[in-house]
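Read off the chains here:
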Amino acid sequence: MSRLHLILPLLLLLNGTAEAHLLKLFAYVEGASVHGSAYFAGGTNAAGLAITISDRNNQQLVSLKTDSQGGFSYTPATPGEYHIRADTGEGHRAEWLIRADEFSQAFPAGAATAGGGQEAVKPVNTLPALPAPQLAALIERAVARQIGPLREALQRSEDRARLSDILGGVGFIFGLAGIALWWRGRQRERKNNATDPH
């Protein structure tokens, strides 16, 4: 029995961090802005969480806090590669990478990329006429506005613990307990055979 007491804590330590506290981060580009949210596996929003956004050279550009729903938003001066990091301060961290090609044509041609050293060009927000490239940019922004939240919902649903996962975990625990009991019975049988002079 004392060996079982030693094995069980060891198995619990090997399990690692609890999935219920696993921090997740999701971000997407809509037009010229980066939107995202932080949440824990299982869907709980991470409100008031520290978010840092850095450029491709790992220079921190801004530090944000998530809102009550775990969301955040940032509009960079230029399109580029951005590293987004969420940190609870308790050891839970998550990262997301926004690539430069995720930005739509909301940035005019010739706009500097992040860290490029050129003067930033403000994104086009209103258009007096609708030539084909600008119309394409408007359509892309509208689609991103609709698709971004859907991608986030899909990501969250994939992170939730499913009933089959829970039942599989319980089955695994019962399997380990069965092996431990079998092993214990085998030890007793050997001990009894050793003390029985037949």
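Residues numbered from 1 in each chain as written. Predicted model: local features only at pLDDT ≥ 70, side-chain atom pairs only at ≥ 80, totals over all residues. Heavy atoms only, no water.

Caption draft 1: Spatial organisation of the overall build of the protein. What the protein contains, in helices and strands, is three helices and seven strands. Secondary structure of the protein in N-to-C order comes out as α-β-β-β-β-β-β-β-α-α. Put simply, the protein has 198 residues, and 28% of those count as buried. Of the roughly 13100 Å² of accessible surface on the protein, 58% is carried by carbon and sulfur atoms. (Helix = DSSP H or I, 4+ residues; strand = E, 2+ residues; numbered from the N terminus. Buried < 20%, exposed > 50% of the residue type's maximum accessible area, 1.4 Å probe, protein only. Areas by Shrake-Rupley, 256 points an atom, 1.4 Å probe, with all protein chains shown as cover.)

Caption draft 2: Looking closely at the sheet that holds strand E7 (residues 93-98). Within the open sheet, the four strands sit side by side as E4-E3-E6-E7. Their pairing is antiparallel. Looking at the sheet topology across the chains shown, the edges are occupied by strand E4 (60-65) and E7. Averaged over all pairs of adjacent strands, the angle between strand axes in this sheet comes to 20°, irrespective of strand direction. For strand E3 (residues 50-54) and E4, the ladder comprises five bridges, and the chain directions are antiparallel. Across the sheet, the residue bridging to threonine 52 is serine 63, located in E4. (Pairing = 2+ DSSP bridges. Axes fitted to C-alpha atoms, helices over the stretch in contact; angles between N-to-C directions.)

Caption draft 3: Quick peek at a nonpolar patch on the surface. Taken together, Ile139, Val143, Ile147 and Leu150 make up a surface patch of nonpolar side chains, about 360 Å² in accessible area. Here valine 143 is to be found in helix H2 (residues 132-159). By relative accessible area, valine 143 is classed as partly exposed at 45%. (Patch = residues over 30% accessible without salt bridge, like charges linked within 9 Å, V, L, I, M, F, W, Y side chains within 5 Å. Salt bridge = Lys/Arg side-chain N within 4 Å of Asp/Glu carboxyl O.)

Caption draft 4: Local environment of the pattern of salt bridges. In total, this model carries four salt bridges according to the counting rule given. With its nearest N and O atoms 3.2 Å apart, the salt bridge here joins arginine 93 to aspartate 87. For arginine 93, a relative accessible area of 63% translates into the label exposed. Across the salt bridge formed by aspartate 101 and arginine 99, the nearest N and O atoms sit 3.3 Å from each other.

Caption draft 5: Summary view of the sheet that holds strand E5 (residues 71-74). Taken together, the three strands give an open sheet; going across it, the order is E1-E2-E5, and neighbouring strands pair in antiparallel fashion. Unpaired on one side and paired on the other, strand E1 (23-30) and E5 mark the two borders of the sheet. When strand polarity is set aside, the average angle formed by the axes of neighbouring strands in this sheet is 20°. With eight bridges joining them, E1 and strand E2 (residues 33-40) adopt antiparallel strand pairing. Among the inter-strand pairings, leucine 25 is bridged to a residue of E2, identified as alanine 38.

Caption draft 6: Quick look at the environment of alanine 27. Positionally, alanine 27 belongs in strand E1. When its relative accessible area of 0% is taken as the criterion, alanine 27 is described as buried.

Caption draft 7: Quick peek at the packing of aromatic side chains. Summed over all chains, the structure comprises four aromatic pairs. Ring centres 6.0 Å apart and planes at 40° place the aromatic pair phenylalanine 26 and tyrosine 28 in the tilted group. For phenylalanine 26, a relative accessible area of 2% corresponds to the buried category. Residue tyrosine 28 is classed as buried on the basis of its relative accessible area, which comes to 9%. (Phe/Tyr/Trp six-rings, centres within 6.5 Å; stacked < 30°, edge-to-face > 60°.)

Caption draft 8: Structural context of the side chain of glutamate 30. With respect to the helices, strands and loops of the structure, glutamate 30 is situated in strand E1. The residues contacting glutamate 30, other than those within four sequence positions of it, are His35, Arg141, Ala144 and Arg145. (Contact = heavy atoms within 4.5 Å.)

Caption draft 9: Spatial organisation of the nonpolar core. Formed by 21 residues in total, the largest nonpolar core has its most connected members in Leu23, Leu25, Ile51, Ile53, Ile84 and Ile98. Looking at which element gives the most residues to this core, the answer is E1, with four residues. Those residues in contact with isoleucine 53 that sit more than four places away from it in its chain are Gln59, Gln60, Leu61, Val62, Leu64, Tyr74, Tyr82, His83 and Ile84. (Core = buried A, V, L, I, M, F, W, Y, C linked by side-chain atoms within 4.5 Å.)

Just geometry here; none of it tells us what the structure is for.
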